[in-house]
Amino acid sequence: MQASFRIQDFLSFRRFINNIDIHSKIFDLSDESDYEFVEAPQLNIYQKLTLCELIQLRELVNGTHFAIELNSLLHQLLFSEPELV
């Protein structure tokens, strides 16, 4: 799956993914807890993910968020404050 987000949509999607209680799903033995429906209506994404896929997606989304924050910080330091260089 490939998706392009605007920053506000990405942050909203990240909140959605991070609010899923994976811990309780792991210990729930019902069949319904083995999967989670992930939605991004603004991109027409509706996926049924296993818990392993959900954990991988959460790591990917949080890693992407870290990279965006790092890029923003570097951009701010390199281009906004010339007296520090």
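The residue numbering used here restarts from 1 in each chain and proceeds along that chain's sequence as written. Local features in this predicted model are restricted to residues whose pLDDT is 70 or higher, and side-chain atom pairs enter the listing and the counts only when it is 80 or higher, whereas totals over whole chains, interfaces and linings include all residues. Side-chain calculation: all heavy atoms of the structure are included, whereas hydrogens and water are not.

## Some thoughts on a nonpolar patch on the surface
A residue counts toward a patch only above 30% relative accessible area and without a salt bridge, and it is joined to like-charged neighbours within 9 Å or, for Val, Leu, Ile, Met, Phe, Trp and Tyr, to nonpolar neighbours within 5 Å. For accessible areas, the Shrake-Rupley method is used with a probe of radius 1.4 Å. Any residue's cover is judged against the shown protein chains and nothing else. Salt bridges are defined by distance alone: a side-chain nitrogen of Lys or Arg within 4 Å of a carboxyl oxygen of Asp or Glu. There is a patch of nonpolar side chains on the surface, built from Phe66, Leu70, Leu73, Leu74, Leu77, Leu78 and Phe79 and spanning about 720 Å² of accessible area. The secondary structure listing takes helices from DSSP runs of H or I that are at least 4 residues long and strands from runs of E that are at least 2 residues long, numbered from the N terminus. Mapped onto the elements of the fold, phenylalanine 79 is located in helix α3 (residues 51-79).

## Remarks on the nonpolar core
Phe13, Ile17, Ile20, Val38, Leu54, Leu57 and Val61 are the most contacted members of the largest nonpolar core, which totals 13 residues. Elements with a minimum of two residues in this core: α1 (7-18), β1 (35-40), β2 (45-50) and α3. Looking at this core, the element that brings in the most residues is α3, giving four residues. The contact rule is simple, with two residues in contact once any of their heavy atoms fall within 4.5 Å. Residues contacting valine 38, with those up to four places away along its chain left out, are Phe13, Phe16, Ile17, Ile45, Tyr46, Gln47, Leu49, Leu54 and Leu57. For our purposes a nonpolar core is just a set of buried Ala, Val, Leu, Ile, Met, Phe, Trp, Tyr and Cys residues, chained together by side-chain atoms within 4.5 Å. Any residue under 20% of the maximum accessible area for its type is buried, any over 50% is exposed, and the rest in between are partly exposed; the area is computed with a 1.4 Å probe on protein chains only.

## Some remarks on the environment of phenylalanine 5
In this fold, phenylalanine 5 is placed in the segment before α1. Classification of phenylalanine 5 as partly exposed rests on a relative accessible area of 29%. Between the alpha carbons of phenylalanine 5 and alanine 40 there is a distance of 9.6 Å; along the sequence they are 35 residues apart. Beyond its immediate chain neighbours, meaning those up to four positions away, phenylalanine 5 contacts Phe10, Phe13, Ala40, Gln42 and Leu43.

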